[in-house]
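# Coordinate inspection notes
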Amino acid sequence: MKGLSGFEALKALLFQPTCTINGLLAGYTGKGSETVLRHEAMAKLDFRLVPDQKPDEIFEKLTRHLKAKGFDDVEIVHYGSTEPAKTPLTDQFVGLVAKTAEKVYGEKAVIYLLSAGSGPMHLFRNILGLPVVSVGCGHSKSNTHAPNENLRIESFIRGVKFIATLINDFSNW
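Below, the structure is looked at part by part.

Calculation notes
- Residues numbered from 1 in each chain as written.
- Predicted model: local features only at pLDDT ≥ 70, side-chain atom pairs only at ≥ 80, totals over all residues.
- Heavy atoms only, no water.
- Helix = DSSP H or I, 4+ residues; strand = E, 2+ residues; numbered from the N terminus.
- Rg over C-alpha atoms; globule rule 2.2 N^0.38 Å.
- Buried < 20%, exposed > 50% of the residue type's maximum accessible area, 1.4 Å probe, protein only.
- Contact = heavy atoms within 4.5 Å.
- Salt bridge = Lys/Arg side-chain N within 4 Å of Asp/Glu carboxyl O.
- Phe/Tyr/Trp six-rings, centres within 6.5 Å; stacked < 30°, edge-to-face > 60°.
- Lys NZ or Arg CZ within 6 Å of the ring centre and 35° of its normal.
- Core = buried A, V, L, I, M, F, W, Y, C linked by side-chain atoms within 4.5 Å.

## A short note on the overall build of the protein
A count of helices and strands for the protein gives five helices and two strands. When its helices and strands are written in sequence order, the protein yields α-β-β-α-α-α-α. Taking 16 Å as the expected radius of gyration for a compact globule of 173 residues, we find that the protein reaches 21 Å, considerably beyond that expectation. The C-alpha extent of the protein, read off along each of the three principal axes, is 65 × 40 × 30 Å. A total of 173 residues make up the protein; the buried ones form 18% of that total. In the protein, 59% of the contacts between residues at least 6 apart in sequence involve partners at least 24 apart.

Below is the structure:
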C-alpha cells in the first residue's frame, strides 16, 4: 500500500478513500490465440468513501475525469452506493460493545475510528441517527474477501457468544 507499513499502513487503510478495480474484461480470452482487436472493454470499480464524501459527488467526479481525458464514449453504469457512516467513540453504545467484547474475549477491546468495510450502516446512523459499530470474529490470516477465506471454528464460536452476550447486555442497558 503505497510503500507504507506498520501504523502508517493502518492509518491509510482506515482513513483514506479507495478506488478498487474489481475486474477487467478485454480482448480475446478464449483458447488459443487471436489477433483481432475487440471493440469494447469493461472494468468494474468500487470506491470506499470516508466521512464527508458523498457517493453522487464521487460518481460525478469520475464521469468528469473520464470525459476530460478523452473517454466521452465510455458508458458508466452506477449499480448502487452507500454513504460512509461514523459513530463518535464517546457514544454510550460504543462503550457497551467494548465492555461486552472485553467480557467475552477476556482482553481490552481494540477500537478503530473507522473500518475499511462497507454496509448499509448509513441508514441507521445518517438517517435514523442511531449509533452503529462494526465487529468481527476473523483472525489475521483469515484472507477476508480473498481466495481461501477462512474462519477458525473457535473464532466463530466466540463470535456467536459475543453477539449473544451483546444482545443480552443491550436488552439490559
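## A word on the pattern of salt bridges
Side chains that differ in sign of charge can pair as their charged atoms come close. All told, the structure shown has four salt bridges when counted by the stated rule. For E60, the salt bridge identified is with R64, shortest N-O distance 3.8 Å. Placement of both E60 and R64 in helix α2 (residues 55-68) is noted, with a separation of four residues, approximately one turn of the helix. Looking at R64, the relative accessible area reads 48%, which means it is partly exposed. Linking D169 and K103 is a salt bridge whose minimum nitrogen-to-oxygen distance equals 2.9 Å. You can see D169 sitting in helix α5 (residues 153-171) and its partner K103 sitting in helix α3 (residues 92-105), a full 66 residues away along the chain.

## Describing the packing of aromatic side chains
On inspection of all chains with the given rule, the structure shows four aromatic pairs. Ring centres 5.9 Å apart and planes at 45° place the aromatic pair Y105 and F162 in the tilted group. Highlighted residues: Y105 in helix α3 and F162 in helix α5, separated in sequence by 57 residues. Centre to centre, the rings of F170 and W173 are 5.6 Å apart; their planes meet at 40°, and the pair counts as tilted. By way of ring pairs, the aromatic residues F93, F170 and W173 are connected into one cluster. Over the face of the ring belonging to Y79 we find K44, whose NZ or CZ atom lies 5.1 Å from the ring centre.

## Some details on the nonpolar core
Listed in full, the six residues of the largest apolar core are F93, L96, V97, A101, F162 and L166. Counting residues per element, the ones that place at least two in this core are α3 and α5. Ranked by the residues each element gives to this core, the list is headed by α3, at four residues. Apart from the residues lying within four places of it in its own chain, the contact partners of F162 are V97, T100, A101, V104, Y105 and V135.

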